[in-house]
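# Structure assessment
Chain residues, written in single-letter form:
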Amino acid sequence: GAVVSQHPSRVICKSGTSVKIECRSLDFQATTMFWYRQFPKQSLMLMATSNEGSKATYEQGVEKDKFLINHASLTLSTLTVTSAHPEDSSFYICSAFSQGVNNEQYFGPGTRLTVT
Amino acid sequence: GDSVTQMEGPVTLSEEAFLTINCTYTATGYPSLFWYVQYPGEGLQLLLKATKADDKGSNKGFEATYRKETTSFHLEKGSVQVSDSAVYFCALSDPWNSGGYQKVTFGTGTKLQVIP
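The structure reproduced in this document is the subject of the present report.

Conventions used here
- Residues numbered from 1 in each chain as written.
- Chains lettered and ligands numbered in written order.
- Predicted model: local features only at pLDDT ≥ 70, side-chain atom pairs only at ≥ 80, totals over all residues.
- Heavy atoms only, no water.
- Pairing = 2+ DSSP bridges.
- Helix = DSSP H or I, 4+ residues; strand = E, 2+ residues; numbered from the N terminus.
- Axes fitted to C-alpha atoms, helices over the stretch in contact; angles between N-to-C directions.
- Disulfide = S-S within 2.5 Å.
- Buried < 20%, exposed > 50% of the residue type's maximum accessible area, 1.4 Å probe, protein only.
- Contact = heavy atoms within 4.5 Å.
- Buried area = accessible area lost by both parts, 1.4 Å probe.
- Polar contact = N/O pair within 3.5 Å; in protein donor to acceptor, adjacent residues only side chain to side chain.
- Nonpolar A, V, L, I, M, F, W, Y, C, P; charged D, E, K, R; others polar.
- Phe/Tyr/Trp six-rings, centres within 6.5 Å; stacked < 30°, edge-to-face > 60°.
- Salt bridge = Lys/Arg side-chain N within 4 Å of Asp/Glu carboxyl O.

### A few points about the sheet that holds strand E9 (residues 75–77) of chain B
Residues and elements named next belong to chain B. What the four strands build is an open sheet, ordered E3-E9-E8-E7; its pairing is antiparallel. Single-partner strands in this sheet number two, and they are strand E3 (19–21) and strand E7 (56–59). Mean inter-strand twist for the sheet, computed between neighbouring axes without regard to direction, equals 15°. Where E3 meets E9, three bridges bridge the pair, whose relative direction is antiparallel. Directly across from Thr 20, in E9, lies its bridge partner Glu 76.

In structure tokens form, the structure reads like this:
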């Protein structure tokens, strides 16, 4: 149980275009979802926290207009990278949390974004 | 703020060798401590956790003890296998310092390579 999926697993896009990444909790309802960014050989950096039906809370230094987060339901959150640039290329990981599910965050498999 | 420091890798061991990956933390409250594992091309999986001082987390032959006096949570395994090759992240969650959210602060990760 407690499976989180992400789609797509890999995406290549051209500079200036927008890309949407989906995060789904498959077998539980997630009250909170988190989006992380992982740079090569570095740790995960929390980008934002989102609760279903409300605006996401962004970490300091993360551009909210560039990284649009929508948490439309208890099982789906989306991250849209708008007007992508090569420096946005990274590994994006989501996680889902529900107090009724072991009080743990469950992580998705990640999405590799490459902007050319 | 909260921080996690873990030993730099990569760590290369022969099969059946003893493993230690050091981890120390800084937190203002009473954090829970975690070890996550990331296998190649996959997302993070929770390996083990400890929620209070002197607790020992264990799973799949790995163990770590929450040492408040030394603010440490070192990961150990008595006999590693090739299948243990992965990146290991030490992490903490401090609800006192994160507004009640389950925000997780990660270390930089340690890559382990086990050779036959």
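### Considerations on the state of the cysteines
The final tally for this structure, using the stated rule, is two disulfides over all chains. Each disulfide pairs two cysteine sulfurs, and for Cys 23 of chain A the partner residue is Cys 94 of chain A, the sulfurs being separated by 2.0 Å. Judged by the sign of its S-S torsion, about 80°, the bond between Cys 23 of chain A and Cys 94 of chain A is right-handed. In this pair, Cys 23 of chain A sits in strand E3 (residues 19–25) while Cys 94 of chain A sits in strand E9 (residues 90–97), placing the two residues 71 residues apart along the sequence. The partner cysteine of Cys 23 of chain B in its disulfide is Cys 90 of chain B, sulfur to sulfur 1.9 Å. For the disulfide bridge between Cys 23 of chain B and Cys 90 of chain B, the dihedral angle about the S-S bond is near -70°, and by the sign convention the bridge is left-handed. Taken as a pair, Cys 23 of chain B in strand E4 (residues 23–26) and Cys 90 of chain B in strand E10 (residues 86–93) lie far apart in primary sequence, 67 residues in all. With respect to burial, Cys 23 of chain B and Cys 90 of chain B carry one shared label: buried. Take Cys 13 of chain A: it sits in no disulfide, and the sulfur closest to it among the cysteines is that of Cys 94 of chain A, at 18 Å.

### Some remarks on the interface of chain A and chain B
Opposite the 22 residues of chain A that make contact, chain B presents 16 residues. Across the interface of chain A and chain B, roughly 1,400 Å² is buried in total on both sides, 56% from carbon and sulfur atoms. Considering only the surface of chain A that becomes buried against chain B, Ser 43, Glu 104 and Phe 107 of chain A emerge as the three largest contributors, covering 30% of it. Summed over the shared surface of chain A and chain B, the result is two residue pairs in polar contact (both at pLDDT 80 or more). Counting only elements with at least two residues in the side of chain A that touches chain B, the list comes to strand E4 (32–38), strand E5 (44–51), E9 and strand E10 (105–107) of chain A. Across the side of chain A that touches chain B, the residue classes tally to nine nonpolar, ten polar and three charged.

### A look at the side chain of Gln 6 of chain B
Residue and element names in this part refer to chain B. Residue position: Gln 6 is located in strand E1 (residues 3–6). A relative accessible area of 6% places Gln 6 in the buried class. Within the structure, Gln 6 has its side chain in polar contact with the side chain of Thr 110 (distance 2.9 Å). Once residues within four sequence positions are removed from consideration, Gln 6 is found in contact with Ile 21, Asn 22, Cys 23, Trp 35, Tyr 88, Phe 89, Cys 90, Gly 107, Thr 108, Gly 109 and Thr 110.

### Side note on the packing of aromatic side chains
Two numbers describe a pair of aromatic rings. These are the distance of the centres and the angle of the planes. Following the criterion strictly, the structure yields eleven aromatic pairs over all chains and no others. Judged by centre distance (5.6 Å) and plane angle (85°), the ring pair of Tyr 36 of chain A and Phe 106 of chain B falls under edge-to-face. Taken together, the positions of Tyr 36 of chain A in strand E4 and Phe 106 of chain B in strand E11 (residues 104–106) put the pair across two chains. The residues Tyr 36 of chain A and Phe 106 of chain B share a single accessibility class, namely buried. Centroid distance Tyr 36 of chain B to Phe 106 of chain B: 5.6 Å. Interplanar angle 50°. Geometry classified as tilted. Taken together, the residues Tyr 36 of chain B in strand E5 (residues 32–38) and Phe 106 of chain B in strand E11 connect sequence positions 70 residues apart. On the basis of relative accessibility, which here comes to 8%, the residue Phe 106 of chain B falls in the buried class.

### What to know about the pattern of salt bridges
Per the counting criterion, the structure on display carries five salt bridges over all chains. One salt bridge in this structure joins Lys 66 of chain A and Asp 88 of chain A, with 2.9 Å as the shortest N-O distance. Of this pair, Lys 66 of chain A sits in the loop between strand E6 (57–58) and strand E7 (67–73) while Asp 88 of chain A sits in the loop between strand E8 (76–81) and E9; the two residues are 22 residues apart in sequence, bridging distant segments of the chain. With a relative accessible area of 12%, Lys 66 of chain A lands in the buried category. Residues Lys 52 of chain B and Asp 55 of chain B are paired through a salt bridge, measuring 3.4 Å at the closest nitrogen-oxygen approach.

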